[in-house]
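The chain contents come next:
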Amino acid sequence: MEFNKIEDILEKYFEGETSIAEEKELKDYFSSPNVAQHLEQYKPMFGYFSQVKEQKSTQEFKNLARTDEAIPLKTKKRNVAWLSIAASVVVLLGVGTYFYVSEKNAAPVVAQSELGTYDDPEEALAATQKALALLSNNVNVGIESVQYIKEYEQSKNKIFKQ
């Protein structure tokens, strides 16, 4: 029964579905002397895990014992003030460039004389006639389209008598 339970836990272990308690149970089982013959192949793997854990803990103990000999590590501290100043300069340059380019590409200010007011009445008449002719052409195109629709309606009514 014990072997079946260990086999089930081992299967779950290789699928990555074990809990920490189950993994501890596997490590305890494979570190004991009574491992089943068909499970012997897994013994070195779990033995390695406990051996590495032991090495790590003894190494930490040695490091703690030599605290008077320890060399203080220099930590890398980033100077936050310089980073914030650099970021501010980049933002200001970006904003300044945007406004410089947008003013350069902006439409020029139209003079009062170009707003459609004319001093000469004949010039005003010519400009008005030009604008009305353009409007008339566009309206005529729309009317022609409507005439095609009327022809379509007439032919439809001939075919499908109501």
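For the structure, see preceding data.
This structure is a prediction, so every number in the text was calculated from the model and none was measured.

**Student:** Account for a negative patch on the surface, naming residues and giving values.
**Tutor:** Together, Asp-8, Glu-11, Glu-15 and Glu-17 give the surface a local cluster of negative charge. In this structure, Glu-15 sits in helix H1 (residues 2-15).

**Student:** Tell me about the environment of Tyr-118, residues and numbers included.
**Tutor:** Mapped onto the fold, Tyr-118 is located in the loop between helix H4 (80-105) and helix H5 (121-159). On the accessibility criterion, Tyr-118 (41% relative accessible area) is partly exposed. The residues touching Tyr-118, leaving out its near neighbours within four places in the chain, are Glu-123, Ala-124 and Ala-127.

**Student:** How would you sum up the nonpolar core? Please name residues and give values.
**Tutor:** Within the largest apolar cluster, 10 residues are counted, these being Ile-6, Ile-9, Leu-10, Leu-26, Tyr-29, Phe-30, Val-35, Ala-36, Leu-39 and Phe-46. With near-sequence residues (within four places) excluded, Phe-46 lies in contact with Tyr-13, Leu-26, Lys-27 and Phe-30.

**Student:** Provide a residue-level description of the environment of Lys-12, including the pertinent values.
**Tutor:** Structurally, Lys-12 is set in helix H1. For the pair formed by Lys-12 and Glu-22, sequence separation is 10 residues and the distance between their alpha carbons is 9.2 Å. Looking at Lys-12, its side chain comes within polar contact range of the side chain of Glu-22, at 2.8 Å.

**Student:** Requested: an account of the packing of aromatic side chains, with residues and values cited.
**Tutor:** The tally for this structure, following the rule as stated, stands at 2 aromatic pairs. Relative to Phe-14, the ring of Tyr-13 has its centre 5.6 Å away and its plane inclined at 70 degrees; by these criteria the two rings are edge-to-face. Owing to a relative accessible area of 46%, Phe-14 belongs among the partly exposed residues under this scheme. Geometrically, the ring pair formed by Tyr-98 and Phe-99 is edge-to-face, given 5.5 Å between the ring centres and 65 degrees between the ring planes. With relative accessibility at 56%, the residue Tyr-98 sits in the exposed group.

**Student:** So what's going on with the pattern of salt bridges? Residues and values would help.
**Tutor:** Under the criterion given, the structure shown has 4 salt bridges. Across the pair Lys-24 and Asp-28 runs a salt bridge, and its minimum N-O distance is 3.4 Å. Of this pair, Lys-24 and Asp-28 both sit in helix H2 (residues 20-31), 4 residues apart, which is roughly one turn of that helix. The exposure class of Lys-24 is exposed, given its relative accessible area of 51%. With a shortest N-O distance of 3.9 Å, Glu-153 and Lys-156 are connected by a salt bridge.

**Student:** Lay out the side chain of Glu-22 in plain terms, naming residues and giving numbers.
**Tutor:** Within the secondary structure, Glu-22 sits in helix H2. Accessibility expressed as a relative area gives 18% for Glu-22, which makes it buried. Every residue in contact with Glu-22, bar those within four places of it in the chain, is listed here: Ile-9, Lys-12 and Glu-17.

The rules we used
- Sequence positions are assigned chain by chain, starting from 1 and proceeding in written order.
- Side-chain atom pairs in this predicted model are given and counted only at pLDDT of 80 or more, local residue features only at pLDDT of at least 70, and totals for whole chains, interfaces and linings cover all residues.
- Working from all heavy atoms in the structure, the side-chain values ignore hydrogens and water.
- For patches, a residue must show more than 30% relative accessible area and have no salt bridge; joins then use 9 Å for like charges and 5 Å for nonpolar side chains, namely Val, Leu, Ile, Met, Phe, Trp and Tyr.
- Each accessible area is a Shrake-Rupley estimate made with a 1.4 Å probe; only the visible protein chains count as cover when residues are assessed.
- By definition, a salt bridge exists where a carboxyl oxygen of Asp or Glu is found within 4 Å of a side-chain nitrogen of Lys or Arg.
- Only four residue types enter the tally: Lys and Arg on the positive side, Asp and Glu on the negative side, with His and both chain ends excluded.
- For this purpose, a charge sits on NZ of Lys, CZ of Arg, CG of Asp or CD of Glu.
- The secondary structure listing takes helices from DSSP runs of H or I that are at least 4 residues long and strands from runs of E that are at least 2 residues long, numbered from the N terminus.
- The rule is simple: take the accessible area with a 1.4 Å probe, protein chains only, and divide by the maximum for that residue type; under 20% is buried, over 50% is exposed, in between is partly exposed.
- Note on definitions: a residue-residue contact is assigned when non-hydrogen atoms from the two residues lie within 4.5 Å.
- Definition of nonpolar core: a set of buried residues of the types Ala, Val, Leu, Ile, Met, Phe, Trp, Tyr and Cys, connected through side-chain atoms within 4.5 Å.
- Counted as a polar contact is a pair of N or O atoms within 3.5 Å, where, for protein atoms, one must be capable of donating a hydrogen and the other of accepting one, and residues adjacent in sequence contribute only when both atoms are in side chains.
- Centre distance within 6.5 Å is the pairing criterion for rings of Phe, Tyr and Trp, where only the six-membered ring of Trp is used; planes under 30 degrees apart are then read as stacked, over 60 as edge-to-face, and the remainder as tilted.

As far as function goes, none of this settles anything; it's purely spatial.
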